[in-house]
Amino acid sequence: MEPHMTSQPVGRPRVSVVETVERMARDASTAIARHIGQTLEQRDICVLALTGGSTPAATYEQLARMPVPWERVHIVQTDDHITDEAHGPSWQVIRKHLLDPAAVPAGNRHPMPTGSRPDPGDAAESYARLLGLLLVGGAPDVVVAGLGEDGHTVSLFHGDPALETDDWVAVTQPYQNTVRMTLTLPVLSGAGLRMVLAAGGGKASAVRAHRQGDDPRLAALRGLLGPDGTLLVDRAAFGPEAPVADPHAPPPR
Ligand SMILES: O=C1O[C@H](COP(=O)(O)O)[C@@H](O)[C@H](O)[C@H]1O
């Protein structure tokens, strides 16, 4: 078994460190499947809010191979690009690595209406109405997010008004030449399981800033994780000071 480490100095955010993206995928998919099972013991359906990007693909692939009752699991998006295509690139990642291999029923797939130009504001409102029908207690059961090299998570960018709104779904200012649709902290922060996945040395500076304190660029990450969310990183994203491995540490809860 590959080593698994946890770094949690007193008063600092919880960061779980694993050696490889494969181990990250195993730990994250195990935690997600366990949370789905626990939720379905209480209710008829479970709602996963999932991000795109490259990092969670391996997690989705492992989750797709697990014995999950997908007919009772609904998939929504945390964020995506507004494009001229029918669906944004993040939905393509979720569909390719999870929905199709797991044969998630069509009625349980809820892509953001990001192709709905020319009025993204209306599209965001319609997605918020859908969430109002699906979510119990105003939050998904599980949130899986990623981390940008500049410290953003989902599509909540430092300085963007989407960080301040009470609306559940927002349209961002242009970021790197794209406008995004994103769930916001009021809906994301209430999820029972919140995991942010970060891999590779490009994320090390953002992970270090998060561990060190209250850098304003990391406000979205802090808000999403809250006191009990997990930032799960590989050794490269943690940086050279990664703690000594504990091969017996359990996956994060
Ligand atoms: O820009 C974004 O990037 C992050 C991280 O992507 P990754 O490819 O490095 O995993 C992604 O999670 C986020 O949704 C998106 O806005």
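Note on numbering: residues in each chain are counted from 1, in written sequence order. Reporting in this predicted model follows two pLDDT cut-offs: at least 70 for local features of residues, and 80 or more for side-chain atom pairs to be given and counted; totals over whole chains, interfaces and linings ignore these cut-offs and use all residues. The basis for every side-chain value is the complete set of non-hydrogen atoms in the structure, without hydrogens or water.

Asker: What is the right way to look at a negative patch on the surface in this model?
Answerer: Exposure above 30% relative accessible area and the lack of any salt bridge qualify a residue for a patch; like charges then connect within 9 Å, and the nonpolar side chains Val, Leu, Ile, Met, Phe, Trp and Tyr within 5 Å. Using a 1.4 Å probe, accessible areas were evaluated by the Shrake-Rupley method; residue-level cover was limited to the displayed protein chains. One side-chain nitrogen of Lys or Arg within 4 Å of one carboxyl oxygen of Asp or Glu is enough to make a salt bridge. Neither His nor the chain ends contribute to the count of charged residues, in which Lys and Arg are positive and Asp and Glu negative. Where a charge sits is defined by one atom per residue type, namely NZ (Lys), CZ (Arg), CG (Asp) or CD (Glu). A cluster of like negative charges, contributed by Asp 119, Asp 122, Glu 125, Asp 166 and Asp 167, occupies part of the molecular surface. Helix and strand definitions here come from DSSP, where helices need a minimum of 4 consecutive H or I residues and strands a minimum of 2 consecutive E residues; each element is numbered from the N-terminal end. Tracing the backbone shows Glu 125 in helix α4 (residues 120-134).

Asker: Is there a simple way to explain the sheet that holds strand β9 (residues 180-183) in this structure?
Answerer: A sheet is described by the order of its strands in space; here 3 strands give the open sequence β5-β9-β8, paired in antiparallel fashion. Two strands close off the open sheet at either side, each with one partner strand: β5 (79-81) and β8 (169-171). Averaged over all pairs of adjacent strands, the angle between their axes in this sheet comes to 15 degrees, without regard to strand direction. Each pair of strands is called paired provided DSSP finds at least two bridges between the two strands. Every angle, taken between N-to-C directions, lies between 0 and 180 degrees, and every axis is a line fitted to C-alpha atoms, over only the stretch in contact when it is a helix.

Asker: Just to check I follow, could you spell out the pairing of strand β3 (residues 46-50) for this structure?
Answerer: On a regular strand, each side chain points to the face opposite its neighbour's, so the side chains alternate between the two faces of the sheet. Each residue's exposure class comes from its accessible area (1.4 Å probe, protein chains only) as a fraction of the maximum for that residue type: buried when under 20%, exposed when over 50%, partly exposed otherwise. Buried residues dominate β3, accounting for 5 of its 5 residues. In β3, alternate side chains face the same way, and those of Cys 46, Leu 48 and Leu 50 on one face and Val 47 and Ala 49 on the other are all buried. Sheet topology places β3 next to strand β4 (residues 73-77); 5 bridges connect them, and they run parallel. Residue Leu 50 lies in a different strand from β4, and its bridge partner there is Gln 77. Following the backbone out of β3, through helix α2 (residues 57-64) and into the adjacent parallel β4, one traces a crossover that is right-handed. When the strands point away from the viewer and the path from the first strand over the helix to the second turns clockwise, the crossover is right-handed.

Asker: Can you help me understand the pattern of salt bridges in this one?
Answerer: Oppositely charged side chains can pair when the atoms bearing their charge come close. Per the counting criterion, the structure on display carries 6 salt bridges. When the shortest N-O distance is used, the salt bridge between Arg 43 and Asp 141 registers 2.4 Å. Of this pair, Arg 43 sits in the loop between α1 (21-42) and β3 while Asp 141 is found in the loop between α4 and β7 (142-146), placing the two residues 98 residues apart along the sequence. Residue Asp 141 is classed as buried on the basis of its relative accessible area, which comes to 8%.

Asker: Would you mind showing me how to read the confidence of the model for the protein chain here?
Answerer: Note that predicted coordinates carrying low pLDDT should not be read in detail. Counting all residues, the mean pLDDT for the protein chain is 91, and 89% of those residues have values of 70 or more. Here the predicted complex carries an ipTM of 0.96, next to a pTM of 0.93. Confidence scores labelled pLDDT are given residue by residue by the predictor and lie between 0 and 100.

Asker: I'm lost on the environment of Leu 225 in this one. Help?
Answerer: By the secondary structure assignment, Leu 225 is in helix α7 (residues 219-225). What makes Leu 225 buried here is its relative accessible area of 4%. Beyond its immediate sequence surroundings of up to four residues, Leu 225 is in contact with Arg 194, Val 196, His 210, Thr 230 and Leu 231. Residues are treated as being in contact if the distance between any of their heavy atoms lies within 4.5 Å.

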